[in-house]
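The residues making up each chain are set out below.
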Amino acid sequence: MTPAAHTVITREEITGVEFDWFAADAAGHIGQFMAAGDPHVPGAALVSEELLEALHVWIDTRPEREEANALAGGFDEHLTPPQRRGAYVYDHVPGEPGVYRLVAAPRQPLHVSELPEHLRAYLTDLTLPLPLGTPRLRVDQAGGAEECPG
């Protein structure tokens, strides 16, 4: 794809609406982050609506690998479809810009090497410096991340 073939997503478009984005960690595991209207997502997540959608579809059409594993159970159970396919699932913490809590953790994590090449390339700039599975983390717009006390 040429750069002109990519539709850039703006922060204004995602403010106040559900927006999911993806990241990997140094071990190659993949996480889905549910921003829930918080526009404080890494800029690299916004560079291509087409690649973001392709990654969504690729994960959503994988066969389930395992049973639901919502850490808190209850309400979080409805957030487990990506986890059942191998992705870590994080949900935005209301009122805390850029802060996410782990809601579901795969027992058999999906690995970046399983993705088609163009989707692996998309995640190159979306590799967080913390391991996925960290209970609470803050992600900044540059793609940095730090652990947050719970």
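Quick summary incoming for the structure in this document.

Parameters and conventions
- Residues numbered from 1 in each chain as written.
- Predicted model: local features only at pLDDT ≥ 70, side-chain atom pairs only at ≥ 80, totals over all residues.
- Heavy atoms only, no water.
- Pairing = 2+ DSSP bridges.
- Helix = DSSP H or I, 4+ residues; strand = E, 2+ residues; numbered from the N terminus.
- Contact = heavy atoms within 4.5 Å.
- Axes fitted to C-alpha atoms, helices over the stretch in contact; angles between N-to-C directions.
- Salt bridge = Lys/Arg side-chain N within 4 Å of Asp/Glu carboxyl O.
- Buried < 20%, exposed > 50% of the residue type's maximum accessible area, 1.4 Å probe, protein only.

A word on the sheet that holds strand β1 (residues 20-25). By definition, the strands of a sheet pair up through backbone hydrogen bonds, in either a parallel or an antiparallel sense. Spatial ordering of the open sheet is given by β5-β1-β2-β3-β4-β6-β7, a layout of 7 strands whose pairing is mixed. Unpaired on one side and paired on the other, β5 (127-128) and β7 (145-147) mark the two borders of the sheet. Contacting β1 and β2 (30-34), helix α2 (residues 49-60) crosses the sheet at an angle of about 80° to β1. Helix α4 (residues 117-124) contacts β1, β2 and β5 of the sheet and is inclined by roughly 85° relative to β1.

Let us look at the pattern of salt bridges. As enumerated under the stated definition, the model contains 7 salt bridges in all. The salt bridge involving E64 is made with R84; its shortest N-O contact spans 3.2 Å. With a gap of 20 residues between them, E64 in the loop between α2 and α3 (81-84) and R84 in helix α3 connect regions that are remote in the sequence. A salt bridge links D76 to R101, with the shortest nitrogen-to-oxygen separation between them at 2.9 Å. Of the two residues, D76 is situated in the loop between α2 and α3 and R101 in strand β4 (residues 99-104); the sequence distance between them amounts to 25 residues. The class of R101 is partly exposed, set by a relative accessible area of 26%.

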